[in-house]
Amino acid sequence: MGRLTTHVLDTASGRPALGVRVVLRRQDEDAALAEAMTNADGRLDQPLLAADAFKAGRYELTFHVGDYFRAQGVGLADPAFLDVIPIRFAMAQDSHYHVPLLVSPYGYSTYRGS
């Protein structure tokens, strides 16, 4: 039953963010558990963490938004104000977790979605 999904919305353009690299790690491990790129809907083609791999604990998602904004032709400072956004969260129950990112070059928000 447990799984982890995400999506990215570019709030500056009002569109889903295509081509954002997303990496999942457990906070107590260095190795990445999963890595994917967002599709034309700003979503991943499959969950980052499927039911058979679910394990309660603390995780970190990193969203590589600087590369995305550069590819869109947005003039970013060097270094960019927001380049890689880490979101740390915990999954305690064997449930569906959806962690979306709403982002612009100078701000972002997230929440636990459904």
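So, how was this worked out
- Residue numbers here run from 1 along each chain, matching the order of that chain's written sequence.
- Where local features are concerned, this predicted model is filtered to residues with pLDDT of at least 70; where side-chain atom pairs are given and counted, the filter is 80 or more; whole-chain, interface and lining totals use all residues.
- Only hydrogens and water are set aside when side-chain values are computed; all heavy atoms of the structure are taken into account.
- Aromatic rings from Phe, Tyr and Trp, with only the six-membered ring used for Trp, were paired whenever their centres fell within 6.5 Å, and each pair was classed as stacked if the ring planes differed by under 30 degrees, edge-to-face if by over 60, and tilted otherwise.
- Only protein chains enter the accessibility calculation, which uses a 1.4 Å probe; a residue whose area is less than 20% of its type maximum is buried, one above 50% is exposed, and one in between is partly exposed.
- Put simply, a charge is over a ring when the Lys NZ or the Arg CZ is close to the ring centre, within 6 Å, and near the line of the ring normal, within 35 degrees.
- In what follows, salt bridge is the name for a side-chain nitrogen of Lys or Arg lying within 4 Å of a carboxyl oxygen of Asp or Glu.
- To qualify as a helix, a DSSP run of H or I must reach at least 4 residues; to qualify as a strand, a run of E must reach at least 2; elements of each kind are numbered from the N terminus.
- At least two bridges found by DSSP between two strands are what make those strands a pair.

## Points about the packing of aromatic side chains
Then step 1. The tally for this structure, following the rule as stated, stands at four aromatic pairs.
Then step 2. Taking 5.0 Å as the distance between ring centres and 65 degrees as the angle between the ring planes, the aromatic pair formed by Tyr68 and Phe69 counts as edge-to-face.
Then step 3. By relative accessible area, which is 3% here, Tyr68 ends up buried.
Then step 4. Taking the relative accessible area as the measure of exposure, Phe69 reaches 1% and is therefore buried.
Then step 5. The ring of Tyr59 carries Arg26 above its face, with NZ or CZ at 5.1 Å from the centroid.
Then step 6. One cation-aromatic arrangement involves Arg112 over Tyr97; the distance from NZ or CZ to the ring centre is 4.0 Å.

## Some details on the pattern of salt bridges
Then step 1. Scanning the model with the defined rule gives six salt bridges in all.
Then step 2. Between Asp83 and Arg70 there is a salt bridge, with its nearest N and O atoms 3.5 Å apart. Remark: Arg70 occurs in helix H1 (residues 65-71) and Asp83 occurs in the loop between H1 and strand S7 (84-91); sequence separation between them is 13 residues.
Then step 3. On the basis of relative accessibility, which here comes to 32%, the residue Asp83 falls in the partly exposed class.

## Details of the pairing of strand S6 (residues 57-64)
Working note: regular strand, side chains alternate between the two faces of the sheet.
Then step 1. Burial analysis of S6 places seven of its eight residues in the buried class, the great majority of the element.
Then step 2. The pairing of strand S4 (residues 21-26) with S6 spans six bridges and is antiparallel. Of the residues in S6, the one forming a bridge with Arg25 is Glu60.
Then step 3. Alignment of S6 against S7, held across eight bridges, turns out to be antiparallel.

## Remarks on the sheet that holds strand S9 (residues 101-104)
Then step 1. Taken in spatial order, the four strands of this open sheet run S3-S2-S9-S10, and their pairing is mixed. Strand pairing shows two members of the sheet lacking a second neighbour, strand S3 (15-16) and strand S10 (107-110), which therefore form its edges.
Then step 2. Sheet topology note: the strand S2 (residues 8-10)/S3 ladder contains two bridges and is antiparallel. When the sheet's bridge partners are listed, Leu9 is paired in S3 with Pro16.

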